[in-house]
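# Structural features, examined
Here's the letter readout for the chains.
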Amino acid sequence: MDLLDELRDKFPDLVSASPAAFQTGRNQFPITLLGPDVRLLAEHLCTAYGSRLVAVFAEDRVADEGVFYNYYVFEQPGEPCYVVLKAPVDADQPRFPSLAASLPAVNWQEREIQDWFGLEATGHPNPRRVALHDNWPDVHPLRKSFPLRQVLPPFEGERHVYRPTLGEGVFQIPVGPVHAGIIEPGHFNFAVAGEPILYLQLRMFYNHEGTEKLFEDMPIHRAVFLAESISGDSAFSHGTAFCQAIETASDIDVPELAGVMRTILLELERVCNHIGDIGAIATDVGFAVANAHASRLREMVVRLNEGLTGSRWLRGMICVGGVRRAWSAAQCDLLRVTVTQVEREFASLVALVQASDSTRDRLERTGILSPETARALGIVGVAGRASGIDLDVRRDHPYAAYARYPLRVPVYQAGDVLHRMLVRIDEVKESFGILRAAAADLRDGPCCAPPRPVPSGRCALSAVEGWRGEILHWVRTAPGNRLERCKIKDPSVNNWAAIVEAVQGNIIADFPVINKSFNLSYSGTDR
Amino acid sequence: MFKILQKTLAAGIVTVPYPHVPAVVSAEFRGRPDFDFAAWRDARPAADVCPTGAIAVQEDERHRRVTVDYGLCVFCGLCASPDGAVRVTAEFELATHDRASLILQADYTLTADGTHQRLLAQYRGESTEEWAGGKLSEAVRETLGRSLAIRQVDPGSCNGCEMEISALNNPIHDIERFGIHFVASPRHADMLLVTGPVTRNMELALEKTYAATPDPKLVVAVGACGISGGIFGANYASRGGVDTTIPVDVYVPGCPPRPEALIYGILLAVGVRQTIGVSRLSTS
């Protein structure tokens, strides 16, 4: 590829001249660097190529190679292949120059590296703890020298101090981590003057369960279930992302039928969650009847899920090589009949919601995320598409059977709650089209490739457009059907920053509906 | 307005009559795996594939102890054996106040190739203590009549259980028909419905929530992770099940438990349903 030669020419002190054979699969283009400083390269990739920094993460290779590595995954517009920069960080000088000041999308990701690996992101504008809360002792759990099952003594450190917001009539409202609804835990600290929100501070990672470290502790066939538990509302998307990474690492070709079945199940997950969100947005502006119908519809999809996979949330169906069980003729009929039914009901639900002027009035121009801000923060998924970010992994990096089906990606510029809902409505309609076409493609045949041992030392990347947005998994395999490292990136990691921007100037009573219009995953963020 | 009414009337009544009428579940649904210990030839393949270690074997040269923990089970069905000794049933009413009763054990002698030769004994765990929650649930019923206010707490869950708990409020499952409703604050609650695992970053919040709930109070631990830590177990970031941090009255297995299983567990906690759970199910 010309890119490598060009970068070597331009940055001979930064880019290694030796071939970089550290990646597996055709979806990644690897570039090995000579040191931890990627600032010039990142700037060049972003300005000259219009690249987007998708993910930043670290790996402890001290035992084998004497260094840590930071990986920077870039996506170039129109390029199906991701560019992966691999930058060594000396174990004796555990620090790397931060990109967060110019690329705020990596703010939390760099701080995760600080917390988990003990590598300092020098020059980070806000280097405080993020993933391990402030009262934790000084440990770096993703280092190989740290045992997973180590039980830390009760925490006695100082707790997090929020930035004060001062001024006459300004006060702060702390909310969470235990919320008023049936929601995951997180802390929101609002500064308000009267009703409008001046400033919002987020404290996340209450759900940090040690998931990435756990992946290093179990055989791959068990790890599939762990992937399903990264974010339980996206069990099939995360499961697929994980299995695809393993399949790439071990050169497994997934049978055609399995690709079609995965596509169907991924779309059912999208339909089910989008319908739930449309109902929840209606609820948060007081339109309870719409939510009653939406949750009735969602239950129809969830029951279909159970009929197809034995699990209402599509668990236990995905496996490395394909899917676990093929469908009988009766199951295929159930799929077709239910999709037709849900499609008809959905049209009626949308008509109900859109006929309500008072609902529109509450949603329009509420919680605006401007396209400029969205681009600067690296916002992805539904929230990105409502704010002019034209990205969809299904179209840009097709997987499963998506290359076979036409897909129109809805993009709006308004960036308010209404348009985040409209993106969902449009996407559900697109999903029905994909579901119908894919259901017609269900043929007899194997639904899973024969099992084969996973070779060790392979690195592979996989991306899936979950219903929230771009999910990324990166693995390095180890001997004995195990993993050396598994990096998980949920779209929510980027998108939380969008909420902070979108709420400013809105009244606090609109926060629930703004938050719901993003509907981000806490567990996917916190892992 | 007319159209809204028309649509609602056209949809009709969709609420399921569970528990007065048995739940209608798909033929594909995977509930409790049933173990015919006497017929089981070899527990090792099942233990190998079990994602959470719910099926575990301990052995020396001639003996094997097989442990099955429904409190760890994620109901994936991979343990099902072709000979039918392990088969997946559609049973989901597994909630119990006795954590130990979710654990089964069987001891075998072994043949030379490591398969089971003879079943020596099988047990179901049973707590030696009387369930303190029995008196509590009586007190709750006396104080509150037939109304129950639930505060849901997620101290580290994957959000899977939350999806099913939310479904309790939909028109299909409509938990308010029992006089049960979800409240916004633990100070208004009679019951904490807690998922899991309990993370280190949430343990203090969970303790405070428990302390803020007025007596008499009940705690229901939801799902494999709420009962035992599930696939996460105990590690540097996770304490494990809810009862590592606060006392638990009723455990509801599932991954996640379906809404009817949650209703069953909640009604069990307030003493409306007798415990049938695993105790009713044959283990021989």
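What counts, and at which threshold
- Residues numbered from 1 in each chain as written.
- Chains lettered and ligands numbered in written order.
- Predicted model: local features only at pLDDT ≥ 70, side-chain atom pairs only at ≥ 80, totals over all residues.
- Helix = DSSP H or I, 4+ residues; strand = E, 2+ residues; numbered from the N terminus.
- Buried ≥ 20, exposed ≤ 12 C-beta atoms within 10 Å, placed from the backbone.
- Contact = placed C-beta atoms within 7 Å.
- Rg over C-alpha atoms; globule rule 2.2 N^0.38 Å.
- Core = buried A, V, L, I, M, F, W, Y, C linked by C-beta atoms within 7 Å.
- Pairing = 2+ DSSP bridges.
- Axes fitted to C-alpha atoms, helices over the stretch in contact; angles between N-to-C directions.
- Domains from an automatic or database assignment.
- Nonpolar A, V, L, I, M, F, W, Y, C, P; charged D, E, K, R; others polar.
- Parallel < 35°, antiparallel > 145°, perpendicular 65-115°, else oblique.
- Left-handed = near helix turned anticlockwise from the far one by under 90°.

Time to look at the overall build of chain B. The secondary structure content of chain B amounts to 7 helices and 13 strands. In chain B, buried positions account for 51% of the 284 residues. Taking the intrachain contacts of chain B between residues at least 6 apart in sequence as the baseline, contacts between residues at least 24 apart amount to 78%.

Next up on the list: the overall build of chain A. A count of helices and strands for chain A gives 18 helices and 14 strands. Its C-alpha atoms give chain A a radius of gyration of 23 Å, within 12% of the compact-globule value 24 Å for 527 residues. Each of the three principal axes of chain A carries a C-alpha extent, and together these read 70 × 65 × 50 Å. Looking at chain A as a whole, 56% of its 527 residues are labelled buried. In chain A, once contacts between residues fewer than 6 apart in sequence are set aside, the share between residues at least 24 apart is 67%.

If you look at the interface, chain B gives 51 residues, while chain A gives 51 residues. For the side of chain B that touches chain A, the elements supplying multiple residues, two or more each, are α1 (2–11), β7 (148–153), α4 (160–167) and α5 (203–212) of chain B. The leading source of residues in the side of chain B that touches chain A is α4 of chain B, at 6 residues.

Within soluble globular proteins, side chains that are nonpolar generally end up buried alongside one another. Counting 239 residues, the largest nonpolar core has Tyr-72, Val-73, Leu-85, Val-301 and Ala-498 of chain A together with Val-220 and Ala-221 of chain B as the members making the most contacts within it. Broken down by element, this core gets its largest block of residues, 15 residues, from helix α8 (residues 256–284) of chain A. What Tyr-72 of chain A contacts, discounting residues up to four positions off in sequence, is Val-38, Ala-42, Leu-53, Val-56, Leu-85 and Ala-87 of chain A.

Another point: the sheet that holds strand β3 (residues 67–75) of chain A. Residue and element names in this part refer to chain A. An order of β1-β4-β3-β2 is seen for the 4 strands of this open sheet, with the pairing classed as mixed. Edge strands, defined here as strands with exactly one partner in the open sheet, are β1 (28–32) and β2 (52–61). Across the sheet, the mean angle from the axis of one strand to that of its neighbour is 20°, orientation sign disregarded.

Attention now goes to the domain arrangement of chain B. Residues and elements named next belong to chain B. We note that the domain assignment places domain 1 (33–88 + 102–124) and domain 2 (133–280) within chain B. Distance from the C-alpha centre of domain 1 to the C-alpha centre of domain 2: 29 Å. At the interface, 11 residues of domain 1 touch 10 residues of domain 2. Partitioning the side of domain 1 that touches domain 2 into residue classes produces 7 nonpolar, 2 polar and 2 charged.

What follows covers the domain arrangement of chain A. When the parts of a complex come together, some accessible area is lost, and that lost area is often used as the size of the interface. Residue and element names in this part refer to chain A. Here the domain parsing of chain A yields domain 1 (2–122), domain 2 (159–209) and domain 3 (211–521). The distance between the C-alpha centroids of domain 1 and domain 3 comes to 28 Å. Listed by partner, the interface residues are 22 residues for domain 1 and 19 residues for domain 3. Where the side of domain 1 that touches domain 3 is concerned, the elements lending two or more residues are β2, β3, β4 (82–90) and α4 (107–117). Broken down by element, the side of domain 1 that touches domain 3 gets its largest block of residues, 6 residues, from β2. Per-class residue counts for the side of domain 1 that touches domain 3 are 13 nonpolar, 7 polar and 2 charged.

Residue and element names in this part refer to chain A. Between helix α7 (residues 235–249) and α8, the shortest axis-to-axis distance is 8 Å and the interhelical angle comes to 145°. Judged by residue contacts, Phe-236, Ser-237 and Thr-240 of α7 engage Arg-262, Leu-265, Leu-266 and Glu-269 from α8. Considered class by class, the residues forming the contact of α7 with α8 number 3 nonpolar, 2 polar and 2 charged.

This part covers α4 of chain A. Three or four residues apart is the spacing at which side chains of an α-helix point the same way, because the helix has 3.6 residues per turn. All names here are of chain A. Across the 11 residues that make up α4, a large majority, 11, are buried. All buried positions along α4 are accounted for by Asn-107, Trp-108, Gln-109, Glu-110, Arg-111, Glu-112, Ile-113, Gln-114, Asp-115, Trp-116 and Phe-117. Contact partners of the buried residues in α4: β2, β3, β6 (120–122) and α16 (492–503). Downstream of α4 by one or two residues, Gly-118 has phi in the positive range, about 70°.

Apart from glycine, the bulk of residues carry a negative phi angle, and the bulk of peptide bonds sit in the trans form. Of the consecutive residues Gly-196 of chain B and Pro-197 of chain B, the connecting peptide bond is found in the cis state with omega at 0°. Relative to the helices and strands, Pro-197 of chain B resides in the loop between β9 (191–194) and β10 (198–199). Residue Pro-216 of chain B is reached from Asp-215 of chain B by a cis peptide bond, and omega for that bond is -5°. With respect to the secondary-structure elements, Pro-216 of chain B resides in the loop between α5 and β11 (218–222). A positive phi angle, close to 65°, is found at Leu-314 of chain A, a residue other than glycine. Looking at the secondary structure, you find Leu-314 of chain A in the loop between α9 (288–309) and β10 (318–319). Even without being a glycine, Phe-75 of chain B presents a positive backbone phi close to 55°. Structurally, the position occupied by Phe-75 of chain B is in the loop between β3 (63–69) and β4 (86–88).

Our focus in this paragraph is the packing of helix α15 (residues 417–440) of chain A against helix α17 (residues 511–518) of chain A. Residue and element names in this part refer to chain A. It is the contact of α15 with α17, at a shortest axis distance of 9 Å, that shows an interaxial angle of 30°. With respect to their mutual orientation, α15 and α17 come out roughly parallel. The interaxial crossing formed by α15 with α17 has left-handed handedness. From α15, Val-417, Arg-420 and Met-421 reach across to α17, where they touch Val-513, Ile-514, Ser-517 and Phe-518.

Sheet strands associate in pairs through backbone hydrogen bonding, adopting either a parallel or an antiparallel arrangement. Residues and elements named next belong to chain A. Spatial strand order, β12-β13-β14: 3 strands in an open sheet with antiparallel pairing. Edge positions in the open sheet fall to β12 (459–465) and β14 (482–489), since each of these has one partner strand only. Neighbour to neighbour, the strand axes of the sheet diverge by 15° on average, direction disregarded. Note that strand β13 (residues 470–478) and β14 share 7 bridges and pair antiparallel. Within β14, the residue paired with Leu-472 across the bridge is Lys-489.

On to the environment of Val-393 of chain A, then. All names here are of chain A. Examined against the element boundaries, Val-393 turns out to sit in helix α14 (residues 393–396). What makes Val-393 buried here is the crowd of 23 C-beta atoms within 10 Å. In sequence terms Val-393 and Gly-466 are 73 residues apart; their C-alpha atoms lie 8.8 Å from each other. Aside from chain neighbours lying at most four places away, what touches Val-393 is Ala-463, Val-464, Glu-465 and Glu-470.

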